Amino acid sequence: MAQKGVQLDQDTVSCSICLDLLKDPVTIPCGHNYCISCIKSHWDGRRTPRCPQCWQSFIPRPVLVKNTMLADVVEELKKTGLQGAADDHCYAGAEDVACDVCTGRKLKALKSCLVCVASYCEQHLQPHYDAAPLQKHKLVEPSKKLQENMCPRHDEVMKMFCRTDQQCICYLCSVDEHKGHDTVSAAAETAKRQRELEGSRQQIQQRIQDREKDVKVLQQEVEAISRSADKAVEHSEEIFTELISLLEKRRSDVMQQIRSQQETEVSRVKELQQKLEQEIAELKRKDAGLEQLSHTEDHNLFLRNYPSLSRLDELTDTSSINIRPLSYFEDVTAAVSEIREKLQDVLRETWTNISMTLAEVDVLLSDPLPEPETRAGFLKYAQEITLDPNTANTHLLLSEGNRKVTLMAEEQYYSDPSHPDRCTGRVQVLSRESLMGCCYWEVEKGEGGVSVVVTYKDSNSVNERFGDNDKSWAFGFYKRRYEFRHNSITTPVSGPQSSRVGVYLDHRAGILSFYSVSEIMTLLHRVQITFTQPLYAGLQLDGRIGNSAEICT
């Protein structure tokens with residue numbers, strides 16, 4: 001309690017302007033005490049002197065006389081060591097809003113008044129809570145931008161808003177340069193925009209909720225995709241393991257049979273070899289006996305031994321040995337090679353189906369990729385394409401790593417001339433690779449005409465001319481003209497002549513475009529199609545011997 005009393009005495013003898021102990025204290029008519037220098041500085045320049053605490057006005061300006069009794073109290077307090085009364089207050093820093101009333105070192109402002117256009121610390125703010133006229137003032141959080149609320153033209157608080165010019169104005173502005181405009185009070189406009197703001201916030205909050213639901217759905221999709229992919233990997237691994245195990249078993253069986261047959265045949269040959277060696281030894285023995293007999297001079301001895309040595313009836317007939325030196329295990333190797341080729345064909349075809357199925361895994365409905373505008377942009381989708389010898393017409397010669405095709409007068413040798421995919425009726429050929437996703441390739445033609453093709457791989461239509469059915473799209477470019485063929489309809493195409501044509505395919509979006517390739521890519525023709533099967537590139541040559549075309553690297 002004693003400490004509280006000392007504090008009360010300290011507050012009583014402190015100046016509310018400088019917040020320090022009173023120096024030459026004076027008491028103004030309302031009863032409040034100030035340093036004489038502080039209150040003089042506060043009143044200087046003001047037309048009506050007012051008390052900084054209760055805002056009571058004094059006319060005329062009071063004569064200030066030192067309060068000697070209060071001065072003695074201050075001196076007594078100084079002796080008790082309590083002169084640092086203001087040291088415990090929080091002073092304003094460079095980033096803080098300072099009190100506009102404090103002199104000397106200023107304290108932090110607790111509130112700013114929009115009517116007074118001033119900021120106050122806790123002590124100097126107290127009159128706004130105590131004095132009835134000041135209680136109506138608008139207090140806000142401390143702000144350094146209070147002067148922005150003052151009209152630069154009339155030095156009045158801007159309490160109006162001009163909707164016509166969308167700016168804050170003062171009352172004088174509303175009857176002056178903004179006369180006739182749609183003006184309202186700033187409070188009314190703020191209330192209106194607060195309602196709009198609340199509506200906007202509700203929309204934003206609703207959108208946040210919707211997006212949070214979408215995020216949850218996408219998270220569930222991620223988990224579902226991962227689970228499905230994990231199962232697919234697991235099952236595919238099991239299937240491939242079974243296939244590998246089956247191949248390993250077949251490999252082991254073939255190796256075992258080869259070795260078993262090798263052992264059988266070697267045993268047979270060695271058995272016969274042993275018999276022949278025994279026969280040779282017997283023949284050599286008889287030959288030695290006959291030679292010895294031929295040198296016998298005793299006629300009686302010769303005639304007695306001749307019958308036994310000259311008989312050859314028990315000897316093996318060498319004419320019964322039948323050896324086929326060219327029929328060992330080469331046929332087995334050929335049979336295994338045939339299995340390999342068939343398996344490669346099956347894997348190639350099934351791999352295309354697998355790739356197509358994988359490409360169709362599309363959880364999000366997305367827009368097609370923007371088609372490139374420059375050759376460098378197209379080359380980002382460059383597809384390495386080689387021609388399939390099993391589809392080439394027998395009058396076509398493949399070279400340059402199966403990228404170039406040339407029309408020959410004589411038939412070319414192919415290991416399987418009757419392959420079901422072979423083009424027999426037209427001089428054309430298909431690619432080995434299927435075309436998926438977005439891809440781009442270029443074709444350079446020779447002296448004759450060439451058709452650049454995109455087609456389904458249908459064995460029933462490979463012998464039709466590309467573009468004469470609904471399963472193929474052919475772009476023909478010749479010396480002086482272009483044309484596009486599909487489903488037996490030929491469409492003339494105009495554009496700058498070039499010996500090289502670029503093809504851009506977006507399988508998923510169903511876009512097929514043909515370009516004249518030069519420094520500037522020129523679109524020649526584009527079609528929009530819904531592709532339902534894997535696609536293959538193709539080339540078709542006109543009937544001129546020596547004509548050629550090459551898929552460029």
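Predicted, not measured: the structure shown is a model, and the values here were computed from it.

Novice: Help me understand helix α2 (residues 36–43) in this model?
Specialist: Every α-helical turn comprises 3.6 residues, leaving residues that sit three or four positions apart pointing alike. Among all positions in α2, only Cys38, Ile39, His42 and Trp43 are buried. Viewed end-on, α2 has its buried residues packed into an arc of 125 degrees, placing them on one side of the element. Elements in contact with the buried residues of α2: β1 (25–27) and β2 (33–35). Immediately downstream of α2, the backbone of Gly45 shows phi near 90 degrees, a positive value.

Novice: Is there a simple way to explain the sheet that holds strand β19 (residues 522–528) in this structure?
Specialist: Backbone hydrogen bonds hold the strands of a sheet together, and the pairing may be parallel or antiparallel. On the basis of which strands lie adjacent, the open sheet formed by 7 strands has the order β9-β10-β21-β12-β17-β18-β19 and antiparallel pairing. Edge strands, defined here as strands with exactly one partner in the open sheet, are β9 (396–399) and β19. Averaged over neighbouring strand pairs, the angle between their axes works out to 20 degrees when direction is ignored. Pairing of strand β12 (residues 438–445) with strand β21 (residues 548–551) involves 3 bridges; the strand directions are antiparallel. Note that in β21 the partner of Lys445 across the bridge is Ala549.

Novice: When you look at the UniProt feature "domain: RING-type" (unreviewed entry) in the chain in this model, what are you seeing that I'm missing?
Specialist: Residues given the UniProt feature "domain: RING-type" (unreviewed entry) here are residues 15–54. Here residues 15–54 is 20% helix and 15% strand, with 14 Å between the C-alpha atoms at its ends.

Novice: Even after reading the chapter, I still don't get the confidence of the model for the chain, so can you show me in this structure?
Specialist: Detailed reading of predicted coordinates is not advised where the pLDDT is low. In this model, the chain carries a mean pLDDT of 84, and residues with pLDDT of at least 70 account for 88%. Low confidence marks residues 1–8, where pLDDT is under 50. Its contacts with residues over four positions away, or in another chain, come to 1 contact. Predicted confidence for residues 82–88 stays below pLDDT 50, and this span has 12 contacts to residues more than four positions away or in other chains.

Novice: Would you mind going over the nonpolar core with me for this structure?
Specialist: Soluble, globular proteins show a tendency: their nonpolar side chains are buried together. Counting residues in each nonpolar core, the largest one holds 38 residues, and the members touching the most others are Val405, Trp441, Phe475, Leu512 and Leu539. Filtering out sequence-adjacent residues up to four positions away, Val405 remains in contact with Leu387, Leu396, Leu397, Leu398, Val429, Leu539, Leu541, Asn547, Ser548 and Ala549.

Novice: Would you take a moment to explain the pattern of salt bridges for this structure?
Specialist: Between side chains of opposite charge, a pair can form as their charged atoms come close. In total, this model carries 27 salt bridges according to the counting rule given. Asp44 is paired through a salt bridge with Arg61; the nearest N and O atoms lie 3.2 Å apart. On the criterion of sequence distance, the pair formed by Asp44 in the loop between α2 and α3 (68–79) and Arg61 in the loop between α2 and α3 is long-range, its members being 17 residues apart. On the basis of relative accessibility, which here comes to 47%, the residue Asp44 falls in the partly exposed class. Salt-bridge contacts for Arg153 lead to Asp176; the nearest nitrogen and oxygen are separated by 3.8 Å.

Conventions adopted
- Residues numbered from 1 in each chain as written.
- Predicted model: local features only at pLDDT ≥ 70, side-chain atom pairs only at ≥ 80, totals over all residues.
- Heavy atoms only, no water.
- Buried < 20%, exposed > 50% of the residue type's maximum accessible area, 1.4 Å probe, protein only.
- Helix = DSSP H or I, 4+ residues; strand = E, 2+ residues; numbered from the N terminus.
- Arc of directions from axis to C-beta.
- Contact = heavy atoms within 4.5 Å.
- Pairing = 2+ DSSP bridges.
- Axes fitted to C-alpha atoms, helices over the stretch in contact; angles between N-to-C directions.
- UniProt positions renumbered as here; feature names shortened; annotations may be inferred.
- pLDDT = per-residue confidence, 0-100.
- Core = buried A, V, L, I, M, F, W, Y, C linked by side-chain atoms within 4.5 Å.
- Salt bridge = Lys/Arg side-chain N within 4 Å of Asp/Glu carboxyl O.

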